[in-house]
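Chain and residue survey
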Protein chains: 2
Amino acid sequence: MRTDPLKTFHDMELGARAEHTAVVSAETIRTYARLSGDHNPIHEDAAYAATTRFGRPVAHGMLVAGYVQTALTKLVAPGGVSTGYQFDLLAPVFEDTAITAQAVCTHLDPVTNRATFTITVVDDTTRKQLISGSAVVAFPKGEK
Amino acid sequence: MRTDPLKTFHDMELGARAEHTAVVSAETIRTYARLSGDHNPIHEDAAYAATTRFGRPVAHGMLVAGYVQTALTKLVAPGGVSTGYQFDLLAPVFEDTAITAQAVCTHLDPVTNRATFTITVVDDTTRKQLISGSAVVAFPKGEK
């Protein structure tokens, strides 16, 4: 069992941030396709992708957004649990792209013990923004 | 290369729907944890989870939300690509839970060639709603 100290609402501060960097390889995309059952050819079929405006395979949006949750875990867990997301998928993420997901605390609600985060994913090479949105994390009540 | 006919905005109708059913096993959760790098103990550490209000390990929210994208793919791909999501994680998804993700078309915008879907995930056994939200799918412009 983990013995890390439990994170609580009171550990959060406006401006607190966490990041997670990953490379979205073709193998990652294939593994996620198998795991989710989402075999949209835009993700795995290079010949089909070449006929689209993207030109080559792109990662599943929810796979990329998942790295935001990974970043949040570094900041809020164990203890905080995400309860909602809103995000726009601004640009495609191609195979072998190195990306960084970031979450920054922008709102604290001491009545509900929830923290809101601005979330972004950027391409590490081009600095292009790939995802923009927000996430809400709930902390246990009745604990300091 | 896939030879399925391309889905276009004009194939969408208000009320059009698609579903995807899956069982969220402990192995699925472990695989997703490795893939995403999100090793929050609430997902993989039964002893830790037993000390929380959940009582046992729960699936990553973004893993569960991913099944919505799998349902959408059945309805809109090849052709349509999701460009945004908004959803609340209403209840935890425990190991070995059978769930159904559903997307229902609720809005069509012929100016932008985008369709909006109400999205839900429910527990197949208890019928409890686990996720509620919306998704936007963009279709290629300049194609019939």
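Structure: above.
Throughout what follows, the structure given in this document is the object of discussion. Note that this is a predicted model, so its numbers are computed, not measured.

Conventions used here
The residue numbers shown here count from 1 along each chain, following its written sequence. Naming scheme: in the order in which they are written, chains are lettered from A and ligands are numbered from 1. Residues qualify for local features only when their pLDDT is at least 70, as the model is predicted, and side-chain atom pairs are given and counted only at 80 or more; totals for whole chains, interfaces and linings, by contrast, use all residues. Calculated side-chain values reflect all of the structure's heavy atoms, with hydrogen atoms and water omitted. Under the DSSP-based scheme used, a helix requires at least four consecutive residues in state H or I and a strand at least two consecutive residues in state E, with every element numbered from the N terminus. Remark: exposure states derive from per-residue accessible area (1.4 Å probe, protein chains only) relative to the maximum for the residue type, with buried under 20%, exposed over 50%, and partly exposed in between. Whether two residues are in contact is decided by their heavy atoms, any of which lying within 4.5 Å being enough. Surface accessibility in these figures is a Shrake-Rupley result with a 1.4 Å probe; residues are shielded only by whichever protein chains are displayed. The charge count treats Lys and Arg as positive and Asp and Glu as negative. His and the chain ends do not count. One atom stands in for each charge, and that atom is NZ of Lys, CZ of Arg, CG of Asp or CD of Glu. For the least-squares superposition of copies, only C-alpha atoms count, and only for residues with pLDDT at least 70 in both. We call two strands paired when DSSP finds no fewer than two bridges between them. The axes are straight lines fitted to the C-alpha atoms, using for helices just the contacting stretch, and the angles between their N-to-C directions are given from 0 to 180°. Accessible-area loss on putting two parts together, using a 1.4 Å probe and summing over both, is the definition of buried area adopted here. Whenever a carboxyl oxygen of Asp or Glu lies within 4 Å of a side-chain nitrogen of Lys or Arg, that contact is scored as a salt bridge. Pairing of N or O atoms within 3.5 Å defines a polar contact, subject to two protein rules: one partner must be a possible hydrogen donor and the other a possible acceptor, and residues neighboring in sequence count only if both atoms are side-chain atoms. As a working rule, the residues Ala, Val, Leu, Ile, Met, Phe, Trp, Tyr, Cys and Pro are called nonpolar, Asp, Glu, Lys and Arg charged, and the rest polar, with Gly in that last group. A 1.4 Å probe that fits into a set of points on a 1 Å grid over the protein atoms alone but cannot get out defines a cavity; an open set with protein on both sides within 12 Å along at least five of seven lines defines a pocket, and lining residues are those with an atom within 4 Å of a point. Grid points are joined across faces, edges and corners, and a volume is the space filled by probe spheres set on the points.

This paragraph deals with the overall build of chain A. Helices and strands together make up the secondary structure of chain A, namely four helices and five strands. Going from the N terminus to the C terminus, chain A shows its helices and strands as β-α-α-α-α-β-β-β-β. With the C-alpha coordinates of chain A rotated into their principal frame, the extents come out at 55 × 30 × 20 Å. Here chain A holds 144 residues, and 58% of them are scored as buried. Of all intrachain contacts in chain A linking residues separated by at least 6 positions in sequence, the fraction that spans at least 24 positions is 69%. As displayed, chain A offers around 6,300 Å² of accessible surface, 52% of which is attributable to carbon and sulfur atoms. Both charge centroids of chain A, one from 13 positive and one from 15 negative side chains, sit 3 Å from each other.

Bringing the relation of the copies chain B and chain A into the picture now. Each copy of the sequence occupies a distinct position, and chain B is placed on chain A by a rotation of 180° and an axial shift of 0.0 Å, giving an RMSD of 0.0 Å. What the superposition gives is, in effect, a two-fold axis relating one chain to the other. The C-alpha atom lying nearest the rotation axis in chain B is that of Q86(B); the distance is 2.0 Å. Of all interface residues in chain B, 98% are interface residues in chain A too; the two copies therefore contact each other through one and the same surface.

Take the sheet that holds strand β1 (residues 17–24) of chain A next. The sheet built from 10 strands is open, its strands ordered β1(A)-β3(A)-β4(A)-β5(A)-β2(A)-β2(B)-β5(B)-β4(B)-β3(B)-β1(B) with antiparallel pairing. Both edges of this open sheet fall to β1 of chain A together with β1 (17–24) of chain B, since each of them pairs with a single strand only. Between one strand axis and the next, the sheet turns through 20° on average, direction left out of account. Relative to strand β3 (residues 97–109) of chain A, β1(A) runs antiparallel, the two being bridged by eight bridges. Within the sheet, the bridge partner assigned to V23(A) lies in β3(A) and is A98(A). Most of the contacts of helix α4 (residues 61–76) of chain A go to β1(A), to which it runs at about 145°, and overall it touches β1, β2 (81–89), β3, β4 (114–123) and β5 (129–138) of chain A together with β2 (81–89) of chain B. Its contacts with the sheet place helix α4 (residues 61–76) of chain B against β2 of chain A together with β1, β2, β3 (97–109), β4 (114–123) and β5 (129–138) of chain B, and it is angled at close to 145° to β1(B).

Time to look at the interface of chain B and chain A. On the side of chain A, 43 residues touch chain B, which itself brings 43 residues to the contact. Contact between chain B and chain A buries roughly 3,700 Å² in total, counting both sides, with carbon and sulfur atoms accounting for 62%. Across the contact surface, chain B and chain A share zero salt bridges. Linking chain B to chain A there are 12 residue pairs in polar contact (both at pLDDT 80 or more). Those elements that provide at least two residues to the side of chain B that touches chain A are α1 (26–36), α3 (46–49), α4 and β2 of chain B. In terms of residue class, the side of chain B that touches chain A is built from 19 nonpolar, 20 polar and four charged. One ladder, built from five bridges, connects β2(A) with β2(B); its direction is antiparallel. Counterpart to D88(A) in the pairing with β2(B) is G84(B).

In this structure, the largest pocket encloses a volume near 500 Å³. Together, 35 residues line the largest pocket, and V81(A), S82(A), T83(A), F54(B) and L89(B) are the ones closest to its centre. Elements with a minimum of two residues in the lining of the largest pocket: α4, β2 and β5 of chain A together with α2 (41–44), α4, β2 and β5 of chain B. Of the residues in the lining of the largest pocket, the class split is 20 nonpolar, 10 polar and five charged. F54(A), L89(A), V81(B), S82(B) and T83(B) are, among the 28 residues lining the second largest pocket, the residues nearest its centre. In terms of residue class, the lining of the second largest pocket is made up of 16 nonpolar, nine polar and three charged.

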